[in-house]
Number of protein chains: 2
Amino acid sequence: MREFKRKSRVLLIDDNADHLRGVKELITLESSYDVVGATTSANMGINLAKKYRPDLILMDINMPEKDGLQAIQEIEKLDLGIRVIALSGYDDADLIFRAMKIGAKGYVLKTMASAQLIYAMDEVAAGKIYLPTALTSRFFEYFQNSFKEENAKLSEENLLSYLTAREEEVLDLLTQGNNYKGIAGKLFISETTVKTHVNNIFQKLQVNDRTQAVLYALNNGFATKHKIAV
Amino acid sequence: MREFKRKSRVLLIDDNADHLRGVKELITLESSYDVVGATTSANMGINLAKKYRPDLILMDINMPEKDGLQAIQEIEKLDLGIRVIALSGYDDADLIFRAMKIGAKGYVLKTMASAQLIYAMDEVAAGKIYLPTALTSRFFEYFQNSFKEENAKLSEENLLSYLTAREEEVLDLLTQGNNYKGIAGKLFISETTVKTHVNNIFQKLQVNDRTQAVLYALNNGFATKHKIAV
DNA sequence: TGTGTCCTACATCTTTGGATTGATAAATTA
DNA sequence: TAATTTATCAATCCAAAGATGTAGGACACA
C-alpha cells in the first residue's frame, strides 16, 4: 500500500543528538519516508518547519531549553497542516493529555519498539490520530478524572435549580457582563424590575453581589446546563 | 490468564429485546462471565445495579425512554465501582465524547464482531479503559477540536499580559468574588490602593466594571495560565 | 543622574449597586 | 374558589463601586 504513495516528508526535532541520529537512521531505512531535516533545537525546528513544510514532525517533548509542547503549539498555530507526533521518555498522563490537547496527532514513547514508531507515523501520515493502547488508557483515566468534579457538581443539589425562568434569563445576561440598564433594555422591562430579579437571585444563590452570582453560575454548570447539556 | 480469576459479573441493559438476547447468549458462551441480569429498561437496570453490584455493565445508549448516558451518569454517581461499557449503534464523535466524559470505561459499536466485545470486556474488567482504535481516533479529533478555540485564545494577543504582578494578584482575588475590603485585607494594603489597581485593570482590559473584568479573565485563560499552564 | 515603571495612598465626586418595603396583575395550583 | 407563585414596577436609603487627579518612595535601567 504505502509503497505506491509519494514519500512522506519528515522533520525530526530532538535535543538528544544521539537519539536524533538513531531515529534518523531508523526512518531512513524505512523507504516510505524522507527525512527533510533533523535538529536538536526547538526554535531551529520551527524555522525548518516553515521552510520545508514537512508532512510530519517527530518532536521530542523532553527538552530543557524550549519546551517541546510549546513548540508544538507554535507549529499548530502556523496552521500549515503539519502533523506532529510527540516523542517522550515518560508515559505521564498529564504530559500525554497536554500534548493531545494542543494538537499533537500522536504520542510515542522513546522506549517503544521501532516498528511501533513507524506504525504510528503511518497512521498519522494517513490522517489518523494515533496513541498506543496503553497510553490511551492512561489518557482516559486522566481525562475522566478531570471531569469527575464537574460531573459531580452538575448532578448534585444545585442552587441554580431554584431560579425561575425569568431569573435564569437575568442571570444569563449577568454572566455576559451586563449592568441593570443593559438587562432592562434587553428584556424590555424596567430597571427596578431587574433589580428585584437580581436581588431574588442573590437570595437563592446565597451570594452578596453580582460578581459572586456570576462566579457561582459559571462554576456550577449554568452555561453548560443550557448549551452543552450532557 | 482469565481462566484462573473468579468470573466477572455482568449486567446487560438494552431496550432492544432481540439484541439483548443475542448479547446475553454471546456472553454466556464465554465462560469467564456471569450474566447476573438483563433488562430492557434503564431504570430497572439502575435498580439491578444497586441490587447485584455487578463488575461490569453493558449499557445501550440509544434508548428513547431514559437516555443511556444519563443512566451511566447515575450509576457513576452511585460510586459502587461498577465499570460501564457503552454500547451504541453510532460511531458519532459527540456521543463517544459524552460517554467517556461521564465515566464510561469503554465504548463498543453494536456492529462490531463479538470477539471485539469480549476483548473490550476483558480489558475493562482488568481495570483498563477500552476504545477501539477507530473510535479513539474519532474521539481525539473531537477532543482537539473542542480545544482549538481555547488554544487560540491562550496564544493570541492577550490583554492580560499587560497586567503587572500586583494587578494579577488583585484580579485573582476579584475572580474569587472579593470586594475592595476583602482584597485590601488579604493583600495588607489600603482599600484605596486596591481601587487604584482595579481601575488600572479596567483600563488595561478595556472593561467597565469588575464583573466584566472577571469574565474577561476567565474567558481568556487567566486561571488556566497560572494553574494548569500548558 | 535622570527616566520610567510600579506600588503605595488619599481626596473628591458621581454613578451604580444592593436592601427593604410595598403593591398590582396574571398565572398556577391546591 | 382561595392561596401561592411569578413577573412587573416604584420609592427610598445607604453602601459600594468607579472615575479622576495627585503624589511619594522603591527599583531598574540606560
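Residues numbered from 1 in each chain as written. Chains lettered and ligands numbered in written order. Predicted model: local features only at pLDDT ≥ 70, side-chain atom pairs only at ≥ 80, totals over all residues. Heavy atoms only, no water.

A separate point is the sheet that holds strand S5 (residues 106–109) of chain A. Residues and elements named next belong to chain A. Strand order in the open sheet formed by 5 strands is S2-S1-S3-S4-S5, with parallel pairing between adjacent strands. Either end of the sheet is taken by a strand with one partner, and the two such strands are strand S2 (33–39) and S5. Across the sheet, the axes of successive neighbouring strands diverge by a mean angle of 25 degrees, strand direction being ignored. Bridge analysis of strand S3 (residues 56–60) against strand S4 (residues 83–88) gives 5 bridges, and the strand direction is parallel. Along S4, the bridge assignment pairs Ile57 with Val84. Strands in contact with helix H1 (residues 17–29) are strand S1 (8–13), S2, S3 and S4; relative to S2, the strand with the most contacts, it is inclined by about 170 degrees. (Pairing = 2+ DSSP bridges. Helix = DSSP H or I, 4+ residues; strand = E, 2+ residues; numbered from the N terminus. Axes fitted to C-alpha atoms, helices over the stretch in contact; angles between N-to-C directions. Contact = heavy atoms within 4.5 Å.)

The next point concerns the interface of chain A and chain B. Of the residues lining the interface, 39 residues belong to chain A; the matching set on chain B comes to 39 residues. Across the chain A to chain B interface the summed buried area is about 3500 Å²; carbon plus sulfur atoms make up 61%. On inspection of chain A and its partner chain B, the count reaches 0 salt bridges. Our enumeration of links across chain A and chain B arrives at 9 residue pairs in polar contact (both at pLDDT 80 or more). Counting residues per element, the ones that place at least two in the side of chain A that touches chain B are helix H3 (68–78), helix H4 (93–101), helix H6 (133–155) and helix H10 (210–219) of chain A. If one sorts the elements of the side of chain A that touches chain B by residue count, H6(A) sits on top with 11 residues. (Buried area = accessible area lost by both parts, 1.4 Å probe. Salt bridge = Lys/Arg side-chain N within 4 Å of Asp/Glu carboxyl O. Polar contact = N/O pair within 3.5 Å; in protein donor to acceptor, adjacent residues only side chain to side chain.)

Let us look at the protein's contact with DNA strand C. By nearness alone, 17 residues border DNA strand C, and Asn179(A), Asn199(A), Thr164(B), Arg166(B) and Ser190(B) come closest of all. A distance of 3.1 Å is found between a base oxygen of DNA strand C and a side-chain nitrogen or oxygen belonging to Lys195(A). Between a phosphate oxygen of DNA strand C and a main-chain N or O atom of Arg210(A), the distance comes to 3.0 Å. If one sorts the elements of the surface near DNA strand C by residue count, helix H9 (residues 191–205) of chain B sits on top with 4 residues. Tallied by class, residues from the surface near DNA strand C come to 4 nonpolar, 9 polar and 4 charged. (Near = heavy atom within 4 Å. Nonpolar A, V, L, I, M, F, W, Y, C, P; charged D, E, K, R; others polar.)

Another aspect to go through is the pattern of salt bridges. In the structure shown here, the tally under the stated rule is 20 salt bridges over all chains. Across the pair Asp34(A) and Lys7(A) runs a salt bridge whose closest N-O atoms are separated by 4.0 Å. Remark: Lys7(A) occurs in the segment before S1 and Asp34(A) occurs in strand S2; sequence separation between them is 27 residues. We classify Asp34(A) as partly exposed; its relative accessible area is 36%. Owing to a relative accessible area of 41%, Lys7(A) belongs among the partly exposed residues under this scheme. Taking the shortest distance from any N to any O, the salt bridge between Asp18(B) and Arg21(B) comes out at 3.4 Å. Of this pair, Asp18(B) and Arg21(B) both sit in helix H1 (residues 17–29), 3 residues apart, which is roughly one turn of that helix. The exposure class of Asp18(B) is exposed, given its relative accessible area of 54%. Overall, Arg21(B) belongs to the partly exposed group, its relative accessible area being 49%. (Buried < 20%, exposed > 50% of the residue type's maximum accessible area, 1.4 Å probe, protein only.)

All names here are of chain A. Residues at a pLDDT of 70 or more form 92% of chain A, whose mean pLDDT is 88. S4 holds the highest mean pLDDT among the elements of chain A, 96, whereas helix H11 (residues 222–227) holds the lowest, 55. Throughout residues 225–230 the model reports pLDDT below 50, and contacts reaching past four residues in sequence, or to other chains, amount to 12 contacts. (pLDDT = per-residue confidence, 0-100.)

Residue and element names in this part refer to chain B. Spatial ordering of the open sheet is given by S2-S1-S3-S4-S5, a layout of 5 strands whose pairing is parallel. Strands at the two margins of the open sheet, each flanked by one partner only, are strand S2 (33–39) and strand S5 (106–109). Sheet twist, expressed as the mean angle between neighbouring strand axes with direction ignored, is 25 degrees. Taken together, the 4 bridges between strand S1 (residues 8–13) and strand S3 (residues 56–60) define a ladder with parallel strand orientation. Following the sheet pairing, Leu11 is matched in S3 by Ile57. Where H1 meets the sheet, it contacts S1, S2, S3 and strand S4 (83–88), and its direction lies at approximately 170 degrees from that of S2. This element, helix H3 (residues 68–78), spans S3 and S4 of the sheet and lies at about 155 degrees to S3.

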